[in-house]
Amino acid sequence: MSRSINNQPTINGTIAPGFESVKKIFQHNMQTMAEENAQLCVYHRGKKVVDLWASNTGDTNFSADSLVNVFSSGKSLEAIAVAALVGHGLLKYEAKISDYWPDFAAHGKGQLSVAQLMRHEAGLANLDTSLDTADLLPANLKQNCVGRIIENQTLNYGKYEQGSREYHAITRGWIVNELVRRVDPAGRTIGEFLQEDWRKPLGADVVVGIQEEELPRVAEIKPLGFGFQFLESLKPKFLGRRIIHNIFQLVGRFFKIIPSLFKGTSIGAPPPLNGMKSLTFFNDLEFSMGETSSANAKCSARGLAKVAAVMAAGGTLDGHEYLSSTAWQAMHDHPVRADLGSLLTTSFTQGGVALFTECNEHSKKIDRELNQGREGFYGWMGLGGSIFHWHPELDIGFAFVPTSLHALDFLNERGKVFQAEVTRCVESQSQTQ
């Protein structure tokens, strides 16, 4: 890759006819936003129509095949693992977790269903014990190092009513992994399932638990400093603000978050992992080699978009079935709208993916900011920027993967502009055909 000069990064990759405007927006954002490295990949009707990547630092090691931590975008990968077991008749969303994992029932957890866990309604958003990174290595997972800790937890909904929705930022993946490896006939972890059933046959780089030989392909994430984001927020957009939101929008968001913090279970809880003090912890070698699917999947946009293309097409791509129609339908069934803390309203299916819906003039502003431009997409997104979504009606598989984390862009709105433009391009082509 050529080194960028005067903040003019070389935009690499290809674009299909009719999607040229997406490339223009990508180039504009690489020049004007606080981006370091980024990948954007989109499939439409099973064909790759956008495949772009760029570096603002002239990083010659960064490419379309670089693997980047996508944080909570990995939650949709763990949802696919559960759906596969449902499709094989080995698991039911309405069943109790303890039906498959009897020791989970301890301390009042016996009535929790798989669907409640997938919808972030399990009352286990925070654990009372910090885990060691070594416990997350597959060999140690299979010794029940994490399972024992989860079994000893008590339900905790904070000041919310029992069954309320509180974001299980990291813990959902740990709990789901324990469920998956108990139900999978071969006792595989989520990382092993993805490697064998999706990555190899599909040729898609979606990794939970990186192998040592692939570490050179990993591009480290770089969080923007809060001081930098604050100073940038003071600038009006016409003076070159390099983040999405201004100071008034950020302050408004913070005031909305405060009630959730005090009513939820995060205040006073120990850190999820020993030694976790900042977001750069997610670059840690041992942590990267362990399995935390909810927050530590290493993926490329190409890999995520290809998986999203499968999901957009109902589980099949190029004549190969990766997820049965029964599993796909069950995963997307029964979306339930509920408040996620005190901040916004979400619509999660029983399979644990969000459905982004139409808003109207009566919708809360923050709900419009979450949904508008994403209507009809399923999936979720990751802290600071990544997006992994699919649109079944329009047959779009979408992925945006940056290394620069905009942690104050809570709803990943800088990536949403690409989704909105891709949707416009697809609908425009449909009207002319």
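Note that the structure is predicted; figures quoted are calculated from it, not measured. Counting restarts for each chain: residues are numbered from 1 in the order of the written sequence. With the structure being a predicted model, the display of local features is reserved for residues of pLDDT at least 70 and the display and counting of side-chain atom pairs for 80 or more, all residues being used for whole-chain, interface and lining totals. Side-chain metrics rest on all non-hydrogen atoms present in the structure, leaving aside hydrogens and water.

So, about the overall build of the chain. Each helix and strand in the chain was counted, giving 15 helices and 17 strands. Against the 2.2 N^0.38 benchmark of 22 Å for 433 residues, the chain shows a C-alpha radius of gyration of 21 Å, consistent with a compact globule. In this scheme, a residue with accessible area under 20% of its type's maximum is buried, one over 50% is exposed, and one in between is partly exposed, where area comes from a 1.4 Å probe on protein chains only. Residues counted as buried form 58% of the 433 residues belonging to the chain. Expressed as a percentage of contacts within the chain between residues at least 6 apart in sequence, the contacts between residues at least 24 apart total 69%. Accessible surface, the chain: about 17,200 Å² in total, of which carbon and sulfur atoms supply 52%. Under this rule, positive means Lys or Arg and negative means Asp or Glu; His and the chain ends count for nothing. A single reference atom marks each charge: NZ on Lys, CZ on Arg, CG on Asp, CD on Glu. Averaging the locations of the 42 positively and 46 negatively charged side chains of the chain gives two centres separated by 5 Å. In DSSP terms, a helix is any run of H or I states spanning at least four residues, a strand is any run of E spanning at least two, and both are numbered starting from the N terminus. C-alpha atoms define the radius of gyration, and 2.2 Å times the number of residues to the power 0.38 defines the globule rule. Pairs of residues are marked as contacts when any of their non-hydrogen atoms sit within 4.5 Å. Accessible areas in this description were obtained via Shrake-Rupley with a 1.4 Å probe; residue shielding takes into account the shown protein chains only.

Moving on: the nonpolar core. Buried Ala, Val, Leu, Ile, Met, Phe, Trp, Tyr and Cys residues that are joined via side-chain atoms within 4.5 Å together make up what is termed a nonpolar core. Residues W198 and M331 are the most contacted members of the largest nonpolar core, which totals 86 residues. In terms of nonpolar packing, the next biggest core, distinct from the first, is built from 35 residues, I11, L343, W380 and C425 among them.

Over its 13 residues, helix α1 (residues 20-32) runs 19 Å from end to end, which matches the ideal 18 Å to within 8%, given 1.5 Å per residue. Here the buried face of α1 lies against β1 (12-15), β2 (37-44), β3 (47-55), β16 (396-402) and α15 (413-432). One less than the number of residues in a helix, times 1.5 Å, gives the span that helix is expected to have.

Within the secondary structure, E413 is located in helix α15. According to the relative accessible area criterion, E413 is buried, its value standing at 13%. Counting of polar contacts relies on pairs of N or O atoms within 3.5 Å, with two restrictions inside protein: one atom must be capable of donating a hydrogen and the other of accepting it, and residues adjacent in sequence are counted only when both atoms are side-chain atoms. Polar side-chain contacts of E413 include one of 2.8 Å to the side chain of R253.

This part covers a nonpolar patch on the surface. Patch membership needs two things, relative accessible area over 30% and no salt bridge, and members are linked within 9 Å if like-charged or within 5 Å if nonpolar (Val, Leu, Ile, Met, Phe, Trp, Tyr). One side-chain nitrogen of Lys or Arg within 4 Å of one carboxyl oxygen of Asp or Glu is enough to make a salt bridge. A cluster of nonpolar side chains, namely V251, F255, I258, L261, F262 and I267, defines an oily patch on the protein surface of about 580 Å² accessible area. Its place among the elements puts I267 in the loop between α10 (247-263) and α11 (285-289). Assessed through its relative accessible area of 52%, I267 is described here as exposed.

Moving on: the sheet that holds strand β4 (residues 67-69). One open sheet holds the 4 strands; their spatial order is β5-β8-β4-β6, and the pairing between them is mixed. Looking at strand neighbours, the two that pair on one side only are β5 (206-207) and β6 (218-219), the edges of this open sheet. Two strands pair if DSSP finds at least two bridges between them. Judged from the 2 bridges that link them, β4 and strand β8 (residues 298-299) form a sheet pairing that is antiparallel. Note on β8: the bridge partner recorded for V68 is C299.

Glancing now at the pairing of strand β11 (residues 336-340). The side chains of a regular strand alternate, residue by residue, between the two faces of the sheet. As defined by bridge partners, β11 adjoins strand β12 (residues 344-348) across 5 bridges and the pair is classed as antiparallel. Bridged to R337 within β12 is S347. Hairpin geometry of β11 and β12 is characterised by an intervening segment of 3 residues between the two adjacent antiparallel strands and by a positive phi of about 65° at G341.

What follows is about the packing of aromatic side chains. Given two aromatic rings, one states the distance between the centres and the angle between the planes to describe the pair. Ring geometry is summarised as follows: Phe, Tyr and Trp rings, the Trp one being its six-membered ring, pair when their centres sit within 6.5 Å, and such pairs are stacked at plane angles under 30 degrees, edge-to-face over 60 and tilted between the two. Under the defined criterion, the tally for this structure stands at 13 aromatic pairs. Taking the centre distance of 6.3 Å and the plane angle of 15° together, the rings of F356 and W380 count as stacked. Residue F356 is located in the loop between β13 (354-355) and α14 (365-371), and its partner W380 is located in strand β14 (residues 378-381); the two are separated by 24 residues in the primary sequence. Both residues of the pair, F356 and W380, count as buried. Three or more aromatic residues joined by ring pairs form one cluster here, namely F71, F281, F282 and F287. The rule is short: NZ of Lys or CZ of Arg within 6 Å of the ring centre and within 35 degrees of the ring normal puts a charge over the ring. Looking at K109, its charged tip hangs above the ring of F104, at a distance of 5.3 Å from the centre. Across from the ring centre of F356, 5.8 Å away, lies the NZ or CZ of R374, which sits over that ring.

Another aspect to go through is the layout of surface pockets. To find leftover empty space, a probe the size of one water molecule is rolled over the atoms. Using a 1 Å grid laid over the protein atoms alone, points where a 1.4 Å probe fits but cannot get out form a cavity; open sets with protein on both sides within 12 Å along at least 5 of 7 lines form a pocket; any residue with an atom within 4 Å of a point counts as lining. Grid points are joined across faces, edges and corners, and a volume is the space filled by probe spheres set on the points. By volume, the largest pocket is sized at about 1,600 Å³. Forming the walls of the largest pocket are 46 residues, and the residues nearest its centre are Y167, A169, L261, L383 and F410. When residues of the lining of the largest pocket are traced back to their parent elements, those giving at least two are α7 (171-183), α10 and β14. The greatest single-element share of the lining of the largest pocket, amounting to 4 residues, is contributed by α10. Residues are sorted three ways: Asp, Glu, Lys and Arg are charged, Ala, Val, Leu, Ile, Met, Phe, Trp, Tyr, Cys and Pro are nonpolar, and all the rest, Gly among them, are polar. For the lining of the largest pocket, a count of residues per class yields 29 nonpolar, 14 polar and 3 charged.

Looking now at the side chain of K298. Position of K298 among the secondary structure elements: in strand β8. Within polar-contact distance, the side chain of K298 engages the side chain of S288 at 3.2 Å. When residues no more than four places from it in sequence are discounted, the contact partners of K298 are L67, V68, N69, D205, V206, V207, I210, V218, F282 and S288.

In this section: the packing of helix α2 (residues 74-87) against helix α13 (residues 325-332). Throughout, an axis means a line fitted to C-alpha atoms (over the contacting stretch in the case of helices), and angles, computed between N-to-C directions, take values from 0 to 180 degrees. One can describe the packing of α2 onto α13 by two numbers: an axis separation of 8 Å at closest approach and a directional angle of 125°. Classified by the interaxial angle, the pair formed by α2 and α13 is oblique. Pair α2 / α13 crosses with right-handed handedness. For the pair α2 and α13, contact is made by S76, A79, I80, A83, V86 and G87 and by A327, A330 and M331, respectively. Each angle is binned into one of four classes, with values under 35 degrees roughly parallel, values over 145 roughly antiparallel, values of 65 to 115 roughly perpendicular, and all other values oblique. The handedness criterion is simple: a crossing whose near helix is rotated anticlockwise from the far helix by less than a right angle is left-handed, and one whose near helix is rotated clockwise is right-handed.

The next subject is the packing of α2 against α7. When two helices pack together, their arrangement is given by the angle between the helix axes and by the axis-to-axis distance. Contact geometry of α2 with α7 gives a least axis separation of 10 Å together with a crossing angle of 25°. Considering the angle they form, α2 stands roughly parallel to α7. The crossing of α2 and α7 is left-handed. Across the interface between the two elements, K75, E78, A79, A81, V82 and L85 of α2 pack against R172, G173, V176, V180 and V183 of α7. Here the contact of α2 with α7 is built from residues that sort into 7 nonpolar, 1 polar and 3 charged.

Here we come to unusual backbone geometry. The phi torsion at N144 lies on the positive side, around 70°, for a residue other than glycine. Turning to its location among the elements, N144 is positioned in the loop between α5 (138-141) and α6 (145-151). Phi at N412 is positive, roughly 55°, even though this residue is not glycine.

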